[in-house]
Protein chains: 2
Amino acid sequence: MLQAKIDITLRKTVADPQGLTIKHALESLGYQNLADVRMGKLVTIKLDTGDKQAAEADIKEMCQKLLANPIIEDYSFTISEE
Amino acid sequence: MLQAKIDITLRKTVADPQGLTIKHALESLGYQNLADVRMGKLVTIKLDTGDKQAAEADIKEMCQKLLANPIIEDYSFTISEE
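Below is a short write-up of the structure.

Scoring rules and cut-offs
- By convention here, each chain's residues receive numbers from 1 onward along its written sequence.
- All chains are assigned letters beginning at A, and all ligands numbers beginning at 1, according to the order in which they are written.
- Selection of residues for local features in this predicted model requires a pLDDT of at least 70, selection of side-chain atom pairs for listing and counting requires 80 or more, and totals for whole chains, interfaces and linings are taken over all residues.
- In computing side-chain properties, one takes all heavy atoms of the structure into account and sets aside hydrogens as well as water.
- In this description a helix means any DSSP run of H or I spanning at least four residues, a strand means any run of E spanning at least two, and both kinds are numbered starting from the N terminus.
- Take the number of residues in a helix, subtract one, and multiply by 1.5 Å to get its expected span.
- Accessible area is worked out with a 1.4 Å probe on protein chains only. A residue is then buried under 20% of its type maximum, exposed over 50%, and partly exposed in between.
- Starting at the helix axis, one direction is taken to each C-beta atom, and the arc is that of these directions.
- When checking whether two residues touch, look at their non-hydrogen atoms; a contact exists if any pair is within 4.5 Å.
- Pairing of N or O atoms within 3.5 Å defines a polar contact, subject to two protein rules: one partner must be a possible hydrogen donor and the other a possible acceptor, and residues neighboring in sequence count only if both atoms are side-chain atoms.
- Only strands joined by at least two bridges in the DSSP assignment are considered to pair.
- Working convention: axes come from line fits to C-alpha atoms, limited for helices to the stretch in contact. Angles between N-to-C directions cover 0 to 180 degrees.
- A carboxyl oxygen of Asp or Glu within 4 Å of a side-chain nitrogen of Lys or Arg is what we treat as a salt bridge.

### Thoughts on helix α2 (residues 52–67) of chain A
The end-to-end C-alpha distance of α2(A), which contains 16 residues, comes to just 19 Å, noticeably less than the 22 Å that a straight helix rising 1.5 Å per residue would cover. Among all positions in α2(A), only A:A55, A:I59, A:M62, A:C63 and A:L67 are buried. Buried residues of α2(A), viewed axially, fall in a sector of 100°; they line one side. Opposite the buried face of α2(A), by more than 90 degrees, sit the exposed residues A:Q53 and A:K65. Where α2(A) is buried, its residues meet β1 (2–10), β2 (34–47) and β3 (73–81) of chain A together with α1 (17–28) and β2 (34–47) of chain B. Sitting at the head of α2(A), A:D51 places a side-chain oxygen 3.2 Å from the backbone nitrogen of A:Q53.

### Some points on the sheet that holds β1(A)
Spatial strand order, β3(A)-β1(A)-β2(A)-β2(B)-β1(B)-β3(B): 6 strands in an open sheet with antiparallel pairing. Each having just a single partner strand, β3 of chain A together with β3 (73–81) of chain B make up the two edges of the open sheet. Going from strand to strand, the sheet's axes swing by 20° on average, the running direction of each strand aside. Bridge count for strand β1 (residues 2–10) of chain B against β3(B) is 9 bridges, and the pairing is antiparallel. Bridged to B:A4 within β3(B) is B:I79. With respect to the sheet, α2(A) is in contact with β1, β2 and β3 of chain A together with β2 of chain B, its orientation differing from that of β3(A) by roughly 155°.

### Topic: the pattern of salt bridges
Here the structure, examined in full by the defined rule, presents 12 salt bridges over all chains. Two residues, B:K5 and A:D7, come together in a salt bridge whose shortest N-O distance is 2.9 Å. Taken as a pair, B:K5 in strand β1 and A:D7 in strand β1 lie in two separate chains rather than in one. Under the relative-accessibility criterion, B:K5 is labelled partly exposed at 31%. Residue classification places A:D7 among the buried residues on the basis of a relative accessible area of 13%. Ionic pairing is found between A:K41 and A:E73, a salt bridge with its closest N-O pair at 3.5 Å. Of the two residues, A:K41 is situated in strand β2 and A:E73 in strand β3; the sequence distance between them amounts to 32 residues. For A:E73, a relative accessible area of 12% gives the class buried.

Structure below.
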């Protein structure tokens with residue numbers, strides 16, 4: 001069993017209103033040293049396989065086909081044994 | 001400048017309909033070896049400080065106060081130099 005952890009983040013040039021809202025909320029709670037807050041997605045996929053190389057190729061394809069929007073999002077992932 | 005990467009995930013006992021929908025979508029694309037898909041949030045916070053210890057305490061507090069819902073969510077974070 002392998003586990004993939006996929007981080008999907010908005011590209012730096014894309015505005016992130018959700019992150020900005022969190023930043024304002026944190027500032028109103030008294031945290032004044034925030035330079036930037038960005039919101040992203042974390043997808044965890046457990047795969048019924050032991051073949052790490054095939055899993056890497058599959059996860060990359062899943063990101064490109066379905067999980068991430070390549071126009072506005074970047075993705076990165078790590079795969080580990082479960 | 002420090003950067004905190006915060007993973008917020010649903011607790012294992014909490015149902016994750018969004019993850020299930022992604023699982024079904026991936027299966028319909030032909031990926032048949034998926035054991036589980038879970039959806040979480042990734043918050044990236046840049047802090048205007050060099051004090052890692054204080055930053056860790058702040059981030060933990062932010063998670064407890066605002067970012068995560070401790071009843072249904074777990075959080076973990078890493079802090080690195082920018």
